[in-house]
Amino acid sequence: MALITKAIKGTKDVLPAEVHKNQYIESTCLGVAEKYGYKEIRTPVFEHTELFQRGVGDTTDVVQKEMYTFDDKGGRSITLRPEGTAGAARSFLENGLSNEALPQKVCYLTSCYRYEKPQAGRLREFHQFGIECFGATSPLADAEMISLAKQVFDELGVKDLHLELNSIGCPKCRADYQNALRKYFGAHKDELCTTCRERLERNPMRLLDCKSPEDQALAKDAPVVLDYLCEECSEHFESVKKYLDSMGIEYRINPRIVRGLDYYTKTVFEFVADSIGAQGTVCGGGRYDGLIEEFGGQKTPSLGFGMGLERLQLVMEAQGCEFPEPAKPDLFIVALGEKAQLKAVEIAKDMRAEGFTVLYDLNARSIRAQMKYADKMNAQFNVVIGDNEVDEKKATLKNMQSGDSTEVSLTTFVNDFYRISMDEQLKDLEINGEAFDFGSLFGTDISEEN
Ligand code: ATP
Ligand code: MG
């Protein structure tokens, strides 16, 4: 039985009392993306395993160690998506978006699955906000993508994140660099972890991204990719920096950033927080000019990023960022007896149709118990309806914050409620620190014009 009430290791529930925080972060992400012309794309949670082997790269940690892969009942190898880019790129090709006007800008909020050691900021099911811009060559696109991520952080009020920037060049300039790395790490082969010993020949850049402390120590003195960039990559990088400068976005050049996925070319970047310890990378991304071709499409230079939503929330909490309060219900109806209950149901239906949030007790309990429950529900207004109220078609609406009571008609309840709750809101409305004079709205100039 114990298993039934135990969630899988590395997964996390979001409870109703907390979910407004997730909703706030998610709607901010989508809102910012929209301002840059991104539209949501929704792809399946699982894909053919080959997609990730090819797309993410079979020498990466993600593919070698972290994927949730299984055979389905038809004997196909299926993998739960460890990231969002491969699925979006597959969909871009399969659905012919590649024939539409380019660039195609898509974004997503998705769950991702990686078999990792769970710890603060590292889960087995986590969530990402991601964007992909398919078919954009200019460094303008790289800078715009970074500015989009930055705007998400700004709108959420996240501070003390810094942007780390690098270019890892193209396959052309990388050949020399890979050789330099092979030579450097080859001289220390015995000190490398077993995985890295194996990938030294095929993909030595992966060694720079290895999490083992010995390999990280060695990586510190490894040759730096920026010294190997070809002219085109070097010019591209200079332009990205120029555009970031003109947008006032600060960055640090960090030649150690190579990113954990194989498909990156040229620009790579991370936004890193100091406030949440070792798992500080909140957002990572870059350009992947070769991926679409790798999947069998036309050459389509592209770019994107993934932002870890759990880490983002951890940073916001560590920094004391404000979250908006969850919305309160507008009305709780305490109903006593069959007649009153029927009336309550009718009023609630009308009120909800007008967009109000209305609750009543679903256990037909005593008045005391209903009051207690109403208190917990924290509605803005309460109304008690009993036989008397139904007979007289009147009841008392109580503002739970101010304690003010107002008589309302049960026949015109929705209208009365509108009027009273509006009055309350207007009372609260201040302009420049002073109560707003509504008389001034109906000043002579306006009325005389007609
Ligand atoms: P890390 O170096 O921390 O393992 P990564 O390079 O594997 O990160 P990406 O593949 O670039 O991460 O994913 C983008 C973002 O998703 C990360 O910057 C991070 O915020 C988040 N992320 C990645 N893995 C996890 C995880 N296991 N749990 C929670 N968030 C994660
Ligand atoms: Mg990782």
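Residues numbered from 1 in each chain as written. Chains lettered and ligands numbered in written order. Predicted model: local features only at pLDDT ≥ 70, side-chain atom pairs only at ≥ 80, totals over all residues. Heavy atoms only, no water.

*Asks:* Where do I start with the overall build of the protein chain in this structure?
*Replies:* Across its full length, the protein chain carries 16 helices and 18 strands. Here the C-alpha radius of gyration of the protein chain, 29 Å, is well above what a compact globule of 450 residues would show, namely 22 Å. In terms of overall dimensions, the protein chain has a C-alpha envelope of 90 × 70 × 45 Å along the principal axes. Expressed as a percentage of contacts within the protein chain between residues at least 6 apart in sequence, the contacts between residues at least 24 apart total 69%. Total accessible area computed for the protein chain in this model is approximately 24,000 Å², and 50% of it derives from carbon and sulfur atoms. Between the mean site of the 54 positive side-chain charges and the mean site of the 73 negative ones, the protein chain shows a separation of 6 Å. (Helix = DSSP H or I, 4+ residues; strand = E, 2+ residues; numbered from the N terminus. Rg over C-alpha atoms; globule rule 2.2 N^0.38 Å. Contact = heavy atoms within 4.5 Å. Areas by Shrake-Rupley, 256 points an atom, 1.4 Å probe, with all protein chains shown as cover. Lys, Arg positive; Asp, Glu negative; His and termini not counted. Charge placed at Lys NZ, Arg CZ, Asp CG, Glu CD.)

*Asks:* How should I be thinking about the packing of aromatic side chains in this particular structure?
*Replies:* Aromatic ring pairs: the centre-centre distance and the angle between the two ring planes describe each pair. Scanning the entire structure with this criterion turns up 15 aromatic pairs. Ring centres of Phe134 and Tyr288 lie 6.4 Å apart, and the angle between their planes is 70 degrees; on these two criteria the pair is classed as edge-to-face. Taken together, the positions of Phe134 in strand S6 (residues 125–134) and Tyr288 in the loop between strand S10 (281–287) and helix H10 (291–294) put the pair 154 residues apart, joining distant regions of the chain. Classification of Phe134 as buried rests on a relative accessible area of 1%. Classification of Tyr288 by relative accessible area gives buried; the value is 1%. Each member of the aromatic cluster is reached from another via a ring pair, and the members are Phe129, Phe153, Phe269, Phe271 and Phe305. The cationic tip of Arg124 hangs over the ring face of Tyr115; the distance from NZ or CZ to the ring centre is 3.9 Å. Directly above the ring of Tyr373 sits Arg365, whose terminal nitrogen or CZ lies 5.2 Å from the centroid. (Phe/Tyr/Trp six-rings, centres within 6.5 Å; stacked < 30°, edge-to-face > 60°. Buried < 20%, exposed > 50% of the residue type's maximum accessible area, 1.4 Å probe, protein only. Lys NZ or Arg CZ within 6 Å of the ring centre and 35° of its normal.)

*Asks:* Any chance you could explain the layout of surface pockets here in plain terms?
*Replies:* The method is simple in principle: a probe with the dimensions of a water molecule rolls over the atoms, and the space it marks as empty is what remains. The computed volume of the second largest pocket comes to approximately 710 Å³. Around the second largest pocket, the lining comprises 34 residues; the ones closest to its centre are Arg174, Asp262, Tyr263, Tyr264 and Thr265. Put simply, the parts of the chain that give the lining of the second largest pocket at least two residues each are helix H2 (49–55), helix H6 (171–186), helix H9 (231–246), strand S9 (265–273) and H10. (1 Å grid on protein atoms, 1.4 Å probe; cavity = no way out; pocket = protein on both sides within 12 Å on 5 of 7 lines; lining within 4 Å. Points joined across faces, edges and corners; volume = space filled by probe spheres on them.)

*Asks:* Just checking my understanding: could you explain the sheet that holds strand S2 (residues 46–48) for this structure?
*Replies:* The strands that make up a sheet pair up through hydrogen bonds in the backbone, lying either parallel or antiparallel. With respect to topology, three strands assemble into an open sheet ordered S2-S4-S3, the strand pairing being antiparallel. With partners counted over all chains shown, the strands left at the sheet margins are S2 and strand S3 (68–71), one partner each. Strand after strand, the sheet turns through a mean of 35 degrees between neighbouring axes, direction not considered. Bridge analysis of S3 against strand S4 (residues 77–80) gives four bridges, and the strand direction is antiparallel. From the neighbouring strand, Tyr68 faces S4, where its bridge partner is Leu80. (Pairing = 2+ DSSP bridges. Axes fitted to C-alpha atoms, helices over the stretch in contact; angles between N-to-C directions.)

*Asks:* Quick question: what am I supposed to make of the side chain of Glu132 here?
*Replies:* Relative to the helices and strands, Glu132 is located in strand S6. Separated by 2.6 Å, the side chains of Glu132 and Tyr288 make a polar contact. When near neighbours in sequence (up to four residues on either side) are disregarded, Glu132 contacts Tyr38, Gly84, Thr85, Ala88, Gln104, Lys105, Val106, Tyr108, Tyr288, Leu303 and Gly304. (Polar contact = N/O pair within 3.5 Å; in protein donor to acceptor, adjacent residues only side chain to side chain.)

*Asks:* Looking at this structure, how should I read the packing of helix H1 (residues 19–35) against helix H5 (residues 139–156)?
*Replies:* At a minimum axis distance of 9 Å, the contact between H1 and H5 shows a crossing angle of 135 degrees. In terms of orientation, H1 lies oblique with respect to H5. Seen along the crossing, H1 lies across H5 with a hand that is right-handed. Counted together, Tyr24, Ile25, Thr28, Cys29, Val32, Ala33 and Lys35 of H1 and Leu148, Gln151, Val152, Glu155 and Leu156 of H5 form the full contact between these two elements. Considering only residue class, the contact of H1 with H5 consists of eight nonpolar, two polar and two charged. (Parallel < 35°, antiparallel > 145°, perpendicular 65-115°, else oblique. Left-handed = near helix turned anticlockwise from the far one by under 90°. Nonpolar A, V, L, I, M, F, W, Y, C, P; charged D, E, K, R; others polar.)

*Asks:* Please explain the site of ligand 1 as it appears in this structure.
*Replies:* Neighbouring residues of ligand 1: 16 residues in total, closest Arg114, Glu116, Leu123, Arg259 and Thr281. Between ligand 1 and Arg122 there is a distance of 2.9 Å, counted from an oxygen atom to a side-chain nitrogen or oxygen. Contact between ligand 1 and Arg311: an oxygen atom at 3.0 Å from a side-chain N or O atom of the residue. Relative to its unbound accessible surface of 590 Å², ligand 1 loses 92% to contact with the protein. Its residues assigned to classes, the shell around ligand 1 shows four nonpolar, six polar and six charged. (Near = heavy atom within 4 Å.)

*Asks:* What am I meant to see in the nonpolar core here?
*Replies:* A general tendency of soluble globular proteins is for nonpolar side chains to be buried together. Counting residues in each nonpolar core, the largest one holds 46 residues, and the members touching the most others are Phe134, Ile168, Leu181, Phe185, Leu192 and Leu208. Those elements that place two or more of their residues in this core are H2, helix H3 (61–66), helix H4 (85–94), strand S5 (104–113), H6, helix H7 (194–202), helix H8 (213–219) and H10. With five residues, the single largest contributor to this core is H6. The contact partners of Phe134, leaving out residues within four places of it in the chain, are Ala88, Ala89, Phe92, Leu102, Pro103, Gln104, Val106, Tyr288, Ile292, Thr300, Pro301 and Ser302. Cys107, Met145, Phe153 and Phe237 belong to the second-largest nonpolar core, a separate cluster that totals 43 residues. (Core = buried A, V, L, I, M, F, W, Y, C linked by side-chain atoms within 4.5 Å.)

*Asks:* Looking at this model, I keep getting lost on the pattern of salt bridges. Mind explaining?
*Replies:* All chains considered together, the criterion is met by 28 salt bridges. For the salt bridge of Glu232 with Lys266, the shortest nitrogen-to-oxygen distance reads 2.9 Å. Taken together, the residues Glu232 in helix H9 and Lys266 in strand S9 connect sequence positions 34 residues apart. Judged by its relative accessible area of 44%, Glu232 falls in the partly exposed class. With a shortest N-O distance of 2.9 Å, Asp361 and Arg365 are connected by a salt bridge. (Salt bridge = Lys/Arg side-chain N within 4 Å of Asp/Glu carboxyl O.)

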